[in-house]
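# Structural description and commentary
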Amino acid sequence: MSDKVLLHPAIDDGIVAGSDSFAGGTLTCLCTDRPVKVTIDGQVVHNHACGCTKCWKPAGAVLSVVAVAPTANVHVVENGDKLAIVDPAALILRHACKACGAHMHGPVERDHAFKGLSFVHTELSRDKGWQAPQFAAFVSSVIEGGVAPKRMDAIRARIREVGLEPYDCLSPALMDALAVFAARKAGTLAE
């Protein structure tokens, strides 16, 4: 048995580079009967590994891999009747397939820095060229999901080994975007 820490099937064998000219593709849930299909026009951004307990992860994965796209570019094209919102009170309205559980898209509709974006899992696509994961977020949150704290050093080391920087929040650029939104809303940002 290998001692290699397995994080997620999309990154365990290394990060695959995306394509700047990628025009979008289709996400398909895990069902063999009437799968849900969602198309995304254009490339995603802020693709990252995530340790939060809300993001969908494939069986056995420690982290999810999730990106965002403008909600206007995300379209449910087949079997949308199989989708249900996981938690209507959550900021990200994750629409999951009621049969297989895969999260297909998660729009942010509230007044928030991420309003107008939808969270998506590009691993559910066979199309090649999606943006590669850029960082790992909320890494310490895997403990809340049941990972033993003694594994954290090895998990963070493995995240760095595959080429990502682990954070216990979002990336600095996204944390700055959240702070700018809050400061503008409070009227404290001197621009």
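Cut-offs and rules
- Residues numbered from 1 in each chain as written.
- Predicted model: local features only at pLDDT ≥ 70, side-chain atom pairs only at ≥ 80, totals over all residues.
- Heavy atoms only, no water.
- Pairing = 2+ DSSP bridges.
- Helix = DSSP H or I, 4+ residues; strand = E, 2+ residues; numbered from the N terminus.
- Axes fitted to C-alpha atoms, helices over the stretch in contact; angles between N-to-C directions.
- Salt bridge = Lys/Arg side-chain N within 4 Å of Asp/Glu carboxyl O.
- Buried < 20%, exposed > 50% of the residue type's maximum accessible area, 1.4 Å probe, protein only.
- Arc of directions from axis to C-beta.
- Contact = heavy atoms within 4.5 Å.
- Expected span 1.5 Å × (residues − 1).
- Core = buried A, V, L, I, M, F, W, Y, C linked by side-chain atoms within 4.5 Å.

Read across the sheet, three strands follow the order β1-β2-β5 without closing on themselves; strand pairing throughout is antiparallel. The sheet is open, and its two edges are formed by β1 (24-28) and β5 (74-78), each paired on a single side. Strand-to-strand twist in this sheet, taken as the mean axis angle between neighbours without regard to direction, amounts to 25°. Across five bridges, β1 lies against strand β2 (residues 37-41) in antiparallel orientation. Looking at β2, one finds that Thr-28 is bridged to Lys-37.

Evaluated as defined, the whole model comprises six salt bridges. Between Asp-111 and Lys-185 there is a salt bridge; the shortest N-O distance is 2.7 Å. On the criterion of sequence distance, the pair formed by Asp-111 in the loop between β8 (103-107) and β9 (117-120) and Lys-185 in helix α2 (residues 172-186) is long-range, its members being 74 residues apart.

So, about helix α1 (residues 152-161). Within the span of α1, buried status applies to Met-152, Ile-155, Arg-158 and Ile-159. For α1, the angular spread of buried residues about the axis comes to 125°, placing them on one side. What points out from α1, more than 90 degrees from its buried face, is the exposed set Asp-153 and Glu-161. Looking at the buried side of α1, the elements it contacts are β10 (135-137).

Before going further, it helps to examine α2. Relative to the 21 Å expected for 15 residues at 1.5 Å per residue, α2 spans 21 Å between its end C-alpha atoms, a close match to the ideal helical length. Where α2 ends, the next residue or the one after it, Gly-187, has phi of about 75°, a positive value.

Counting 19 residues, the largest nonpolar core has Leu-27, Cys-29, Val-36, Ile-40 and Met-104 as the members making the most contacts within it. Discounting chain neighbours no more than four positions away, the residues touching Cys-29 are Pro-35, Val-36, Cys-97, Cys-100, Ala-102 and Met-104. The next biggest cluster of nonpolar side chains, apart from the first, holds 16 residues, and it includes Val-62, Met-152, Ile-159 and Val-162.

Glancing now at the pairing of β8. Within β8, five of the five residues are buried, leaving the element largely enclosed by the surrounding structure. Pairing between strand β7 (residues 95-97) and β8: two bridges, direction antiparallel. In the strand pairing of β8, Ala-96 is matched with His-103. Connecting the antiparallel pair β7 and β8 is a turn made up of five residues, with Gly-101 showing a positive phi of about 90°. Here β8 runs beside β9; their pairing, made up of two bridges, is antiparallel. Residue pairing across strands places Pro-107 opposite Ser-118, the latter belonging to β9.

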